[in-house]
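# Summary of the model geometry
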Amino acid sequence: MNFIEFLQGLLGLTLALPVLSVGILTLGLVFGFKLTEKRVHQLLAVELSIAFFSSSFFFVGLLFGWLDPFSVDLGTFLAVGNYDFNLLFHLDLLGSMFLWLTMTLVGLVGAFSARYLHLDEGFIWFYWLLLAFVIGLEIIATAEGLDFVFVGWELLGISSALLIAFFVRRKGPVENGLRAFAAYRITDVGILCGIVTLHHLSHTTAISALGRIESSTALIVGGFFIFGAMGKGAI
């Protein structure tokens, strides 16, 4: 195994750990073997600690030039005509910084919530949503194609709205969750329009394609993306 393969494997592990944790929690919820709060917290602590240290390694290495940006290609998930949906991840300095910030903040939230939600009936459900939130952010930080980014963007929006409405027995959180979800639905149209426009003009959804189209067109596509970010950015 060479160093590039090691980096690819480490990134794959970082991205896969939240998915694995969601799978474990899902099995518990579906088949009725309820994990204790202690086990759930231990699962999250191990997963987020590994993800934090690996993302820190990537961020510091790319920041000081010890590492070069690299990609992980898992192949084509869907191909229709001249459109390919590729499971391609790319990690550069900006993506590694976003990934590191995600793990840092979510780790703090997870540690605080273990005490705050002690004995709450929705304890496991909260951490399930938090992990789904993390998966969405990981995809946004590392996906090469904007169509793949949109998958993470949608997962982020759904989990975010459900987290806002977490205390379902109270009217306020539920109403706020519905308002947030409605705002996400409206503004997400901008992201979708930007992706479709970019693919129509450049025949690809790769982020790098933004630099290959005319500046006036890139401004329009960028405007779509800014509008799309307004919902989840609470602007």
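Notes on the structure in this doc start here. (Residues numbered from 1 in each chain as written. Predicted model: local features only at pLDDT ≥ 70, side-chain atom pairs only at ≥ 80, totals over all residues. Heavy atoms only, no water.)

Here we take up the packing of helix α2 (residues 37-63) against helix α4 (residues 123-142). The contact between α2 and α4 brings their axes to 10 Å, and the two run at 15°. Relative to α4, the element α2 is oriented roughly parallel. The element α2 and its partner α4 pack so that their crossing is left-handed. Two secondary-structure elements touch here, α2 through Glu 37, Val 40, His 41, Leu 44 and Glu 47 and α4 through Phe 123, Ile 124, Tyr 127 and Leu 131. For the contact of α2 with α4, the per-class residue count stands at 6 nonpolar, 1 polar and 2 charged. (Axes fitted to C-alpha atoms, helices over the stretch in contact; angles between N-to-C directions. Helix = DSSP H or I, 4+ residues; strand = E, 2+ residues; numbered from the N terminus. Parallel < 35°, antiparallel > 145°, perpendicular 65-115°, else oblique. Left-handed = near helix turned anticlockwise from the far one by under 90°. Contact = heavy atoms within 4.5 Å. Nonpolar A, V, L, I, M, F, W, Y, C, P; charged D, E, K, R; others polar.)

The biggest cluster of nonpolar side chains holds 50 residues, and the ones touching the most others in it are Leu 11, Val 40, Phe 58, Phe 70, Leu 91 and Tyr 127. Ignoring sequence-local partners within four residues, the contact set of Tyr 127 consists of Leu 25, Val 40, His 41, Leu 44, Gly 110, Ser 113 and Ala 114. (Core = buried A, V, L, I, M, F, W, Y, C linked by side-chain atoms within 4.5 Å. Buried < 20%, exposed > 50% of the residue type's maximum accessible area, 1.4 Å probe, protein only.)

What describes a pair of aromatic rings is the distance from one ring centre to the other and the angle between the planes of the rings. In the structure shown here, the tally under the stated rule is 15 aromatic pairs. Each ring, one from Trp 125 and one from Trp 128, has its centre 5.5 Å from the other, and the planes form 20°; the classification is stacked. In this pair, Trp 125 and Trp 128 are both assigned in helix α4, 3 residues apart and thus about one turn of the helix distant. Here Trp 125 falls in the partly exposed class, since its relative accessible area comes to 37%. Note on Trp 128: relative accessible area 22%, which makes it partly exposed. Taken together, a centroid distance of 5.0 Å and an interplanar angle of 80° make the contact between Phe 166 and Phe 167 edge-to-face. Taking relative accessible area as the criterion, Phe 167 reaches 27% and is therefore assigned partly exposed. (Phe/Tyr/Trp six-rings, centres within 6.5 Å; stacked < 30°, edge-to-face > 60°.)

For side chains bearing opposite charge, pairing can occur when the charged atoms are close. Summed over the entire model, instances satisfying the criterion amount to 5 salt bridges. As a salt-bridge pair, Glu 154 and Arg 185 come within 2.4 Å of each other at their nearest N and O atoms. Separated by 31 residues along the polypeptide, Glu 154 in helix α5 (residues 146-164) and Arg 185 in helix α6 (residues 171-202) bring together distant segments of the chain. Judged by its relative accessible area of 15%, Glu 154 falls in the buried class. When the shortest N-O distance is used, the salt bridge between Glu 175 and Lys 171 registers 3.7 Å. Remark: Lys 171 and Glu 175 occur in helix α6; sequence separation between them is 4 residues, near one turn of the helix. Judged by relative accessible area, Lys 171 falls into the exposed class, the value being 62%. Salt bridges linked by common partners bring Glu 154, Arg 185 and Asp 188 together as one network. (Salt bridge = Lys/Arg side-chain N within 4 Å of Asp/Glu carboxyl O.)

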